[in-house]
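Listed below are the residues making up each chain.
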Amino acid sequence: MSRLEAKKPPLFISDPLTKDTFIQSLSLLSGILKSCYGPAGRLKQLHNGVGGYVCTTSQSSAILSRLSVSHPVLSVLTASVQNHVSRFSDCGLFTAILCCSLIENFKSLSVASCTVIKISNHLQSLCMDYLKSEACGCRVSVDFSSVESLLCLVRSVLISKPACMLTKAEVNHLATLVVKAFIFTVPCHVQTNAVLGKCVIVPVKSRRVADSTVLPGLLIETPEIQLSKPLTVKRTCSNMIKIALFSVSMSGDCFNSEEGTIMVHHGISLEVLELNQLLDVGKQLVNDEVGLVVCQKVIHPSLKQYLKENHVMAVDRAGLNLMEPLSRMTGNKPIASIQLLSLDCYGSLEDVRVESFASKHFVHLIPKDTVVCSLILCNRNETAWDELKRACETAEHVLQLTVKEPLALLGGGCTETHLASYIRHKSCSLSTSTFKEIGCSRTEYQLVADGFCRSLESVACSLSHDDGEILTDTVYGHCWFVPSGFPSVSNWSDLVSKCGCGLNGSTDNLNWRLLQGRFGSPIIQDCPKEPSVKIADFLTLDCFAAKCSGLQVALETANLILDLSYVIEDQN
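What you see is a predicted model, and the numbers here were worked out from it, not measured in a lab. (Residues numbered from 1 in each chain as written. Predicted model: local features only at pLDDT ≥ 70, side-chain atom pairs only at ≥ 80, totals over all residues. Heavy atoms only, no water.)

Our focus in this paragraph is the overall build of the protein. Per the secondary structure count, the protein includes 15 helices and 20 strands. With respect to the three principal axes, the spread of C-alpha positions in the protein is 90 × 75 × 45 Å. For the protein, the proportion of contacts with a sequence separation of at least 24, taken over those separated by at least 6, is 75%. With an accessible surface of roughly 27,300 Å², the protein has 51% of that area assigned to carbon and sulfur atoms. Counting 50 positive and 54 negative side-chain charges, the protein places the averaged centre of each group 1 Å from the other. (Helix = DSSP H or I, 4+ residues; strand = E, 2+ residues; numbered from the N terminus. Contact = heavy atoms within 4.5 Å. Areas by Shrake-Rupley, 256 points an atom, 1.4 Å probe, with all protein chains shown as cover. Lys, Arg positive; Asp, Glu negative; His and termini not counted. Charge placed at Lys NZ, Arg CZ, Asp CG, Glu CD.)

What follows is the structure in structure tokens.
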């Protein structure tokens, strides 16, 4: 008992946002995230310090899940961003950088926190009303009758992940494959409660990205299959292949001694009984004209041989991850017991083939109506492949979100600078009654609005990593990047050709102002104009749903953190 320590009282930290540890930690986190942002973002290597897997990435999902954040206030920030990413997959860095910048800017104001929160809530409603209005100048409609806007969305996701190490031709090739795979998952016959299908990514590493392809149906890796022999699968009278999908083990070791005791008569072998039961199942499958048996787990070799002799193809070790798409594709639920076979528990396929990619062999299951497809994804090494897999999954999710809300926001920093220009204009034209409703003065509102706009502009500035000047035009409020090495007195028209999103050109007789990020651009009195939007081949677009959510999450999280007056830590 002498070794036991007395229980320590909890540690109370008042005004945690004013402490040096928080200020330094927030600045460090913000710097890490900003340096990762955009197509030119710097890569980060994350490992646990004692060996093991090393992750090279610039994606927020990978960074935040592996980054150790010890400060309790910053843990709230990272958890909030991770929750956003788990729901939308995209705009994680945008959300985190904006949140950090909002906290830094709002904290530096000589305005009470409760007033800042009320004003920022009003600014949030102004932003969301504008982004969802037809008059929004940084929003474009996505036309699903044409693939141009879909390709722009996917290409924008892929380009923003430099650890994928893709060339321009490879980005275009993969963007086409992702859009094609997405179209495969859209049901041909739309019903009231239509559900999108699934794209299964098949890994093929140490191969060229150009070798990647997409196939309708599912690929199941089968190393033991012999390519030299022709594939003969039993078909029904309607020329379809009947399939039985088992989620239960068919290895003959169904009995587990840990589950209880079983009484067996003398001279009777339990293993023989189980094998006979499996062979009886095989006979029923043959009699029911089943042509393909797929098992999530292991099939007994004797049962495999029996099925093969009767022209029934058997594939085992399919794995849990393929059960749901297999069920969707074939139209039957996985059979959970070998004693519950009936004619209505089978599914159907149009064809079964054998495919070979690199050194891997696959059984290719082809359905009649394609709602499931396989994306064979190749890259040069494991690190680049892992990053590319995350990027393709994000791009697929972006397309799914766009189906629900067929809109997109201009990328390349243009939405941020345009929105900042709009808020600067709007905040100057608010009536006195508005300030009374909020419970603030006009000066307080202007200070908070300016801090909010500077935070948006700092996100756009984070896209530049080479110390070049960053401009915003005074007509559309778009973002323009000047290559490094040119003085600030240069004729900007000679140095910029396209804005960040690629919509506007420098030939439009525009005027620019320096975007300082920290200090903000001069207030634009006129509301930024809405450009004539036409989807170009290489327009940079962001997911509308993900970015709107990111804006809301960043503001709400910043407000939550600003409202903290105490942190209570358990010292035991």
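Among the surface-exposed residues, Phe12, Tyr566 and Ile568 lie close enough to one another that they form a single nonpolar patch of about 370 Å² accessible area. Along the chain, the position of Tyr566 falls in strand β20 (residues 566-569). (Patch = residues over 30% accessible without salt bridge, like charges linked within 9 Å, V, L, I, M, F, W, Y side chains within 5 Å. Salt bridge = Lys/Arg side-chain N within 4 Å of Asp/Glu carboxyl O.)

Before going further, it helps to examine the packing of aromatic side chains. Overall, the coordinates contain four aromatic pairs when judged by the stated rule. Their ring planes at 80° and their centres at 5.4 Å tell us that Trp480 and Trp512 sit as a pair that is edge-to-face. Pair noted here: Trp480 is in strand β17 (residues 479-481) and Trp512 is in strand β18 (residues 512-514), with a separation of 32 residues, a long-range link. For the pair shown, Trp480 and Trp512 are each scored as buried. (Phe/Tyr/Trp six-rings, centres within 6.5 Å; stacked < 30°, edge-to-face > 60°. Buried < 20%, exposed > 50% of the residue type's maximum accessible area, 1.4 Å probe, protein only.)

An order of β17-β16-β18 is seen for the three strands of this open sheet, with the pairing classed as antiparallel. Among the strands making up the open sheet, the edge pair consists of β17 and β18. Neighbour-to-neighbour, the strand axes of the sheet open up by a mean angle of 35°, direction not taken into account. In terms of strand pairing, strand β16 (residues 470-473) meets β18 through three bridges, oriented antiparallel. Considered in β18, the bridge of Leu471 is made with Leu514. (Pairing = 2+ DSSP bridges. Axes fitted to C-alpha atoms, helices over the stretch in contact; angles between N-to-C directions.)

Our focus in this paragraph is helix α4 (residues 92-107). Its 16 residues place the ends of α4 23 Å apart at the C-alpha level, agreeing with the 22 Å of an ideal helix rising 1.5 Å per residue. Within α4, 14 of the 16 residues are buried, leaving the element largely enclosed by the surrounding structure. (Expected span 1.5 Å × (residues − 1).)

Moving on to the pattern of salt bridges. Tallying each qualifying case throughout the model produces 16 salt bridges. The salt bridge involving Lys547 is made with Asp542; its shortest N-O contact spans 2.6 Å. The same class applies to Lys547 as to Asp542, namely buried. Each of Arg424, Asp450, Arg454 and Glu457 takes part in salt bridges that share partners, so that together they form one network.

Glancing now at the domain arrangement of the protein. Taken as a whole, the protein is organised into domain 1 (11-138 + 410-569), domain 2 (143-217 + 376-405) and domain 3 (218-254 + 268-369). Computed over C-alpha atoms only, the centres of domain 1 and domain 2 are separated by 27 Å. Facing the 27 residues of domain 1 at the interface are 24 residues of domain 2. Taken together, both faces of the contact between domain 1 and domain 2 bury some 2,100 Å²; the carbon and sulfur share is 59%. Across the domain 1-domain 2 interface, the total number found is zero salt bridges. Summed over the shared surface of domain 1 and domain 2, the number is six residue pairs in polar contact (both at pLDDT 80 or more). (Domains from an automatic or database assignment. Buried area = accessible area lost by both parts, 1.4 Å probe. Polar contact = N/O pair within 3.5 Å; in protein donor to acceptor, adjacent residues only side chain to side chain.)

What follows is about the packing of helix α3 (residues 72-88) against α4. Closest axis-to-axis distance for the α3/α4 pair is 9 Å, and the angle between their directions is 150°. When the interaxial angle is binned, α3 and α4 end up roughly antiparallel. The element α3 and its partner α4 pack so that their crossing is right-handed. Mapping the contact onto sequence places Leu77, Val81, His84 and Val85 in α3 and Gly92, Thr95, Ala96, Cys99, Cys100 and Ile103 in α4. Within the contact of α3 with α4, the residues separate by chemical class into seven nonpolar, three polar and no charged. (Parallel < 35°, antiparallel > 145°, perpendicular 65-115°, else oblique. Left-handed = near helix turned anticlockwise from the far one by under 90°. Nonpolar A, V, L, I, M, F, W, Y, C, P; charged D, E, K, R; others polar.)

Right, let's talk about unusual backbone geometry for a bit. Its identity is not glycine, yet Met165 carries a phi of approximately 55°, on the positive side. Within the element layout of this structure, Met165 appears in the loop between α6 (148-159) and α7 (168-185). For Met165, a relative accessible area of 43% corresponds to the partly exposed category. Phi angles above zero are rare outside glycine, and Glu289 is one such case at about 65°.

Turning our eyes to something else, we now look at the sheet that holds strand β4 (residues 139-141). Hydrogen bonds between backbone groups are what pair the strands of a sheet, and the pairing can be parallel or antiparallel. Strand order in this open sheet of three strands is β4-β15-β19, and the pairing throughout is antiparallel. In this open sheet, the two strands that pair with only one neighbour each are β4 and β19 (541-543). Each neighbouring strand pair of the sheet contributes to a mean axis angle of 45°, computed without reference to strand direction. Of the pairings in the sheet, the one linking strand β15 (residues 407-410) to β19 comprises three bridges and is antiparallel in character. For Ala408, the partnering residue across the bridge sits in β19 and is Cys543. The strands touched by α6 are β15 and β19; relative to β19, the strand with the most contacts, the crossing angle is about 80°.

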